[in-house]
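So you can see what is in the structure, the chains are spelled out below.
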Amino acid sequence: MKPRIFSQGFSRYNVSSIGGRLLTRSPQFHTSSSSSASASSASASSASSSSSPPPRSRRWVQVALVTTAAAGIGAYIRSEQGSGSSTLSPTRFTPYYLVSREPVSSSGSIFTLQPPKADGSNRAVYEEAWTTGIWSVMFKQPQLQIGRDYTPLPSTSPEEEEDECLRFFIRRDPHGEVSRYLHNLDMGAPIEVRGPRVECGIPPNTQHILFVAGGTGIAPALQAAHTLLRRTDQTRKPRIHILWANRNRDDCSGGINDTVVVPAPQRSWFFGRSTPPAASPAPVASPLNQTRSLIVRELEALRAQYPGQMTVDYFVDEEGSAIGKQAILDFTKSVGLSSPKPSQDNLILVSGPEGFISYMAGPKLWAEGMELQGPLRGIIKELDLKDWAVWKL
Ligand SMILES: Cc1cc2nc3c(=O)[nH]c(=O)nc-3n(C[C@H](O)[C@H](O)[C@H](O)COP(=O)(O)OP(=O)(O)OC[C@H]3O[C@@H](n4cnc5c(N)ncnc54)[C@H](O)[C@@H]3O)c2cc1C
């Protein structure tokens, strides 16, 4: 999740726009299968690509396009019908207020923001985004006039929903302009917010998601879990497996792995260096008396709400554990075994620092003022998974 710079106009990130106002991206998923749309060049893999994808890829494109466009239009209309400046809008900044900041680790906190008026107008905007998939909003730093994107966390209480609050897990970058600014704000301070912006629609037929998250990349993973699992009904039980890598145990304290993790040759994506293979297996359990971080508790609450449908494994850089090919294969193979027929309904999402995304799935690219997916590379490409579409966040 590399920073995007705030711009007054909308053309810069205008991958998919409605009436000139940017609302959504139009995802063209990679498929890992070597026989399908696995991109070999930036242009072939970009959202703006004009190349014609093979049938499976095209189905994904169509579904994702329809879903994201519909949600975008809905969100836009609702926001414009809303009660003036108290309703979140993708076309202008709305003042929210910081009402709480709870530490999650030494470097990250959960921020709760409240709109000036809770008249119900925001609920429809949020709901549209939650139904669609993974979304973000932009915060403005008023002195420097720069903006950064942040990912709302699923709500954990009815009061929060009643007050139309949004919550965010934000890491303080000691040298970062906006994250430092946010961590230094007093309670009650105004924060200008613009959105929603759909980063990746989760197609309605998605059955399985493997979410590979690094650091604050866990926020979109929580979103994906929330959106996918609420589609559960009598006939349909979608599943999500999250692989979450962090620098320090402190970032995910109390997290207990759901599967036995085989140690991978360690590579520190966070600091951009490789180190020799870890000598000992990744821990599968944390000390019982270890405090569970807020994010770990939220993951566990979601898992408890949907038994058997959500699993999480934790990887900690300082403990010598890293996400390797085996951790990915363990899940993709389990899906292959449990499904009567392989399907196109499987999605791998990758989110985290730039180096992490590059290592897992190849770098994203910038071209003509737009951020593009770039070709599928990294260990996911090497695995040559059949029937899995890939999206880098
Ligand atoms: C869609 C999306 C969703 C996101 N969601 C979240 C989220 O939920 N939570 C979260 O914490 N983050 C999230 N991010 C990341 C977030 O948007 C910011 O990028 C992050 O907070 C850092 O911003 P900053 O202004 O503090 O740092 P910046 O000022 O942008 O600096 C970032 C780093 O770059 C270095 N740097 C800056 N300028 C230079 C330079 N000239 N040369 C060399 N190095 C330089 C700084 O030292 C710093 O370490 C998301 C990003 C995206 C794109």
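Rules behind the numbers
- Residues numbered from 1 in each chain as written.
- Predicted model: local features only at pLDDT ≥ 70, side-chain atom pairs only at ≥ 80, totals over all residues.
- Heavy atoms only, no water.
- UniProt positions renumbered as here; feature names shortened; annotations may be inferred.
- Near = heavy atom within 4 Å.
- Polar contact = N/O pair within 3.5 Å; in protein donor to acceptor, adjacent residues only side chain to side chain.
- Areas by Shrake-Rupley, 256 points an atom, 1.4 Å probe, with all protein chains shown as cover.
- Helix = DSSP H or I, 4+ residues; strand = E, 2+ residues; numbered from the N terminus.
- Nonpolar A, V, L, I, M, F, W, Y, C, P; charged D, E, K, R; others polar.
- Contact = heavy atoms within 4.5 Å.
- Buried < 20%, exposed > 50% of the residue type's maximum accessible area, 1.4 Å probe, protein only.
- Pairing = 2+ DSSP bridges.
- Arc of directions from axis to C-beta.
- Core = buried A, V, L, I, M, F, W, Y, C linked by side-chain atoms within 4.5 Å.
- Right-handed = clockwise from strand over helix to strand, strands pointing away.

Looking up the protein chain in an unreviewed UniProt entry gives the name Oxidoreductase, FAD-binding family protein, with the organism given as Aspergillus violaceofuscus. Listed in UniProt under the heading Cofactor (unreviewed entry), the comment for the protein chain reads: "FAD".

Caption draft 1: The site of the ligand, seen in detail. Around the ligand lies a shell of 21 residues, among which Asp-149, Tyr-150, Phe-169, Asp-173 and Ser-179 are the nearest. Tyr-150 is positioned with one of its side-chain polar atoms (N or O) 2.7 Å from an oxygen atom of the ligand. At 2.9 Å from an oxygen atom of the ligand is found a main-chain nitrogen or oxygen belonging to Glu-177. Burial of the ligand by the protein amounts to 67% of the accessible area it has alone, namely 970 Å². Looking at the shell around the ligand, the elements that each hand over two or more residues are β7 (146-150), β9 (166-171) and α5 (177-183). Residues of the shell around the ligand, tallied by class, amount to seven nonpolar, six polar and eight charged.

Caption draft 2: Representation of the environment of Cys-165 within the structure. Positionally, Cys-165 belongs in the loop between α4 (158-162) and β9. In sequence terms Cys-165 and Thr-112 are 53 residues apart; their C-alpha atoms lie 6.5 Å from each other. Setting aside anything within four residues of it in sequence, one finds Cys-165 in contact with Thr-112, Leu-113, Gln-114, Pro-115, Tyr-126 and Glu-160.

Caption draft 3: Fine view of the pairing of strand β16 (residues 346-351). Burial of β16 is extensive: six of the six residues sit out of reach of the surface. In β16, alternate side chains face the same way, and those of Asn-346, Ile-348 and Val-350 on one face and Leu-347, Leu-349 and Ser-351 on the other are all buried. Here six bridges tie strand β11 (residues 208-214) to β16, and the two strands are oriented parallel to one another. In the sheet register, Val-212 faces β16, and the bridge partner there is Val-350. Summarising the sheet, β16 and strand β19 (residues 388-392) pair through five bridges and their orientation is parallel. Considered in β19, the bridge of Leu-347 is made with Ala-389.

Caption draft 4: Seen up close, helix α3 (residues 121-132). The complete set of buried residues in α3 reads Ser-121, Asn-122, Val-125, Tyr-126, Ala-129, Trp-130 and Thr-132. Taken end-on, α3 shows its buried residues confined to a sector of 165°, consistent with a single buried face. Immediately beyond the C-terminal end of α3, within one or two residues, lies Gly-133, with a positive phi of roughly 160°.

Caption draft 5: Examining the nonpolar core more closely. Core analysis: the largest hydrophobic core is formed by 38 residues, its most contacted members being Phe-211, Ile-240, Ile-242, Trp-244, Ile-295, Leu-299 and Leu-349. Taken together, the elements giving at least two residues each to this core come down to β11, α6 (218-229), β12 (239-246), α7 (294-305), β15 (310-316), β16 and β19. For this core, the element with the most residues is α6, which contributes eight residues. With 25 residues, the next largest nonpolar core counts Ala-327, Ile-357, Ala-361 and Leu-376 among its residues.

Caption draft 6: Main features of the pairing of β11. Counting buried positions over the seven residues of β11 gives seven, a clear majority of the element. Going residue by residue along β11, you find His-208, Leu-210, Val-212 and Gly-214 tucked away on one face and Ile-209, Phe-211 and Ala-213 tucked away on the opposite face as well. When β11 meets β12, the two strands line up parallel, connected through seven bridges. For Phe-211, the partnering residue across the bridge sits in β12 and is Ile-242. What joins β11 to β12 is α6, and the crossover it makes is right-handed.

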